[in-house]
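Inside the fold
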Amino acid sequence: MAYIEPAPIKDKENPFESMMSRFRIASQHLNLREEIFNVLKSPDKQVIVSLPVTMDDGTIRVFEGYRVIHNNILGPGKGGIRYDMGVNLDEVKALAAWMTWKCAVVDIPFGGAKGGIRCNPREMSSGEIERLTRSYTQAMNEVFGPDTDIPAPDMGSGQREMAWLMDQYSRSRGMTVNAVVTGKPLVLGGSLGRIEATGRGVMVSALSAMEKLKINPYKATVAVQGFGNVGSFAALLMHERGSKILAISDISGAYYNEAGIDINQAIEYRNDNKGILHGFKGAEQIDSDDLLTLPVDVLIPAALEDVITMYNADKIKARLIVEGANGPTSAKADDIITEKGIMVVPDILANAGGVTVSYFEWVQNRLGYKWTRERVNRRMDRVMMSSFNNVYKTSLKYNVSMRIAAYIVAIEKVASAYEYRGGF
Ligand code: NAD
């Protein structure tokens, strides 16, 4: 098969360091007290568990599981569980801190958390993954809870795992507790609108930014890296609003059509072809790296971290970057992008539509009520637009990039909660 290899990652940064470097800059702008800085840089709780699991062949394997609650001053910890061989404490700590900032930016009453299990779910049977998930849930029985820490899916996990997690937790409590986890199947209390929420939030952020930059959505050209959940919904919704999607890509390569790609056709093709675009005829194949440097108005990285780096940042021609993925721009590329005058809607704002609708899922579970898709979408759009405007105003006030402004908004909120609550 003629797959194009993904570009080598040349300045992959330690995720915790990358988060800290932005946190440090924003704290300086805020003149944050050193004591509060020290509190916020240290996670509240770090739990590491060993998980013995009987494999299908009868052997017992021990997996390592993590849960980090970075901060819960604004509410219960919130964040996904990653199933991946690369999971390690530093990564989970960084992702947990990102969740604190993300929830604060969109003003939802959650703190930040993240979990992970070091495993390769692609090599495990469904029964093995179920036993592993139940064992992890049992080990985190005192950590998880609808008022303490609410997990969700992340890389390698989905609604199937969340259903097992909810069931295991509910058994230990002797009743159904669906608010302990979000991203559940609809029938178990999942929310309408959750699947498309992150891509929809990316679209809303993109339109808000285009208005500021005076880019007409009907004349705008767009390139989207990644055609999974986030990228394909973002592309579809931008396409429906009149923008021309010139390029899309996934693990199988990048696809370009000067006249604009028919996104419905691309989604249908992907769904019929094992989830990838390999062989898609609605566009010509181009080099994957070139997608990032196409002369388009809007670039949406929605696949991996550290794809815009100090090595390619100066070649980027888009006027606007909307970060669907977490951490697609390395900290070292930030200055180059800012100097070029490119606006970046940063990950902790642009992809926060997902956690916002997770919050709505939790609210519906607690109310014992179901909202319509229209209500979910309307409320999410409102949250995303007002968060965008707040970050934009902050970027003007402090004369900083949208990324640093988003950190300023988040840190200010969390720090002021500490100032009010005190109690050290
Ligand atoms: P996904 O697994 O559904 O899709 C990932 C896509 O990226 C796939 O199309 C895959 O083929 C593609 N891809 C992988 N390697 C690539 C490469 N080298 N070049 C181009 N494309 C490549 O994942 P997702 O849920 O869409 O998540 C994408 C990003 O968005 C991740 O960074 C994730 O952390 C972030 N994110 C997701 C959500 C959510 O609700 N799903 C919320 C917030 C942030």
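Everything quoted here is computed from the prediction, not taken from an experiment.

**Comments concerning the domain arrangement of the chain**
Under the domain assignment, the chain is made up of domain 1 (2-7 + 44-188) and domain 2 (191-424). Centre-to-centre separation of domain 1 and domain 2, based on C-alpha positions: 24 Å. Our count for the contact surface shared by domain 1 and domain 2 stands at three salt bridges. Across the salt bridge formed by D107 and K413, the nearest N and O atoms sit 3.5 Å from each other.

**Section: the packing of helix 6 (residues 194-213) against helix 12 (residues 353-367)**
Taken N-terminus to C-terminus, the directions of helix 6 and helix 12 make an angle of 145 degrees; their axes are 7 Å apart at the nearest point. Crossing of helix 6 over helix 12 shows right-handed handedness. Contacts between helix 6 and helix 12 involve R194, A197, T198 and G201 from the former and G353, G354, V357, S358 and E361 from the latter. Across the contact of helix 6 with helix 12, the residue classes tally to two nonpolar, five polar and two charged.

**Brief notes about the pattern of salt bridges**
Counting across every chain of the model gives 22 salt bridges. Residues joined in a network through salt bridges with shared partners are R22, E323, D334, D347 and R403.

**Concerning the confidence of the model for the chain**
Scored by pLDDT, the chain has a mean of 95; 97% of the residues are at 70 or more. Predicted confidence for residues 1-10 stays below pLDDT 50, and this span has 15 contacts to residues more than four positions away or in other chains.

**Here we look at the site of the ligand**
In the region of the ligand, 19 residues are neighbours, and T198, N229, V230, I251 and N326 sit closest. At a separation of 3.0 Å, an oxygen atom of the ligand approaches a polar backbone atom of I251. The separation between an oxygen atom of the ligand and a polar main-chain atom of G324 is 3.4 Å. A total of 830 Å² of accessible area belongs to the ligand in isolation, and the protein chains cover 74% of it. Elements with a minimum of two residues in the shell around the ligand: helix 6, helix 7 (229-240) and strand 7 (244-250). When its residues are assigned to classes, the shell around the ligand shows eight nonpolar, nine polar and two charged.

**Remarks on the nonpolar core**
M19, W101, I248, I263, I300, V322 and I411 are the most contacted members of the largest nonpolar core, which totals 92 residues. The element contributing the most residues to this core is helix 14 (residues 402-421), with 13 residues. When residues of this core are assigned to domains, at least three fall in each of domain 1 (2-7 + 44-188) and domain 2 (191-424). I248 has contacts with V224, F227, G253, A254, Y255, I261, I263, A266, L277 and L291, leaving out every residue within four places of it along the chain. In this structure, V53, L132, L165 and V177 belong to the second largest nonpolar core, which totals 27 residues.

**Observations concerning the environment of M385**
Here M385 shows up in helix 13 (residues 373-398). Sequence separation of M385 and A209 is 176 residues, and the distance between their C-alpha atoms is 9.8 Å. Not counting chain neighbours up to four residues away, the residues in contact with M385 comprise V204 and S208.

**Structural notes on the pairing of strand 7**
For strand 7, the tally of buried residues reaches six of seven residues, placing the bulk of the element in the interior. Each parallel crossover has a hand, and for strand 6 (residues 221-225) linked through helix 7 to strand 7 it is right-handed. As paired elements, strand 7 and strand 8 (residues 253-256) share four bridges and run antiparallel to each other. For S249, the partnering residue across the bridge sits in strand 8 and is A254. Turn length for the strand 7-strand 8 hairpin, with the two strands adjacent in sequence and antiparallel, is two residues.

**Focus: helix 12**
With 15 residues, helix 12 extends 21 Å between its outermost C-alpha atoms, agreeing within 8% with the 21 Å of an ideal straight helix rising 1.5 Å per residue. Burial within helix 12 is extensive, with 13 of its 15 residues counted as buried. Remark: G368 follows helix 12 within two positions and exhibits a positive phi of approximately 65 degrees.

**Here's the deal with the sheet that holds strand 12 (residues 343-345)**
With mixed pairing, the seven strands of this open sheet are ordered in space as 9-8-7-6-10-11-12. In this open sheet, the two edge strands, each paired with only one partner strand, are strand 9 (284-286) and strand 12. The mean angle between the axes of side-by-side strands here comes to 20 degrees, regardless of whether they run parallel or antiparallel. Here strand 6 runs beside strand 10 (residues 298-301); their pairing, made up of four bridges, is parallel. Among the inter-strand pairings, V224 is bridged to a residue of strand 10, identified as I300.

Each value, and the rule that gives it
- Residues numbered from 1 in each chain as written.
- Predicted model: local features only at pLDDT ≥ 70, side-chain atom pairs only at ≥ 80, totals over all residues.
- Heavy atoms only, no water.
- Domains from an automatic or database assignment.
- Salt bridge = Lys/Arg side-chain N within 4 Å of Asp/Glu carboxyl O.
- Axes fitted to C-alpha atoms, helices over the stretch in contact; angles between N-to-C directions.
- Helix = DSSP H or I, 4+ residues; strand = E, 2+ residues; numbered from the N terminus.
- Left-handed = near helix turned anticlockwise from the far one by under 90°.
- Contact = heavy atoms within 4.5 Å.
- Nonpolar A, V, L, I, M, F, W, Y, C, P; charged D, E, K, R; others polar.
- pLDDT = per-residue confidence, 0-100.
- Near = heavy atom within 4 Å.
- Polar contact = N/O pair within 3.5 Å; in protein donor to acceptor, adjacent residues only side chain to side chain.
- Areas by Shrake-Rupley, 256 points an atom, 1.4 Å probe, with all protein chains shown as cover.
- Core = buried A, V, L, I, M, F, W, Y, C linked by side-chain atoms within 4.5 Å.
- Buried < 20%, exposed > 50% of the residue type's maximum accessible area, 1.4 Å probe, protein only.
- Right-handed = clockwise from strand over helix to strand, strands pointing away.
- Pairing = 2+ DSSP bridges.
- Expected span 1.5 Å × (residues − 1).

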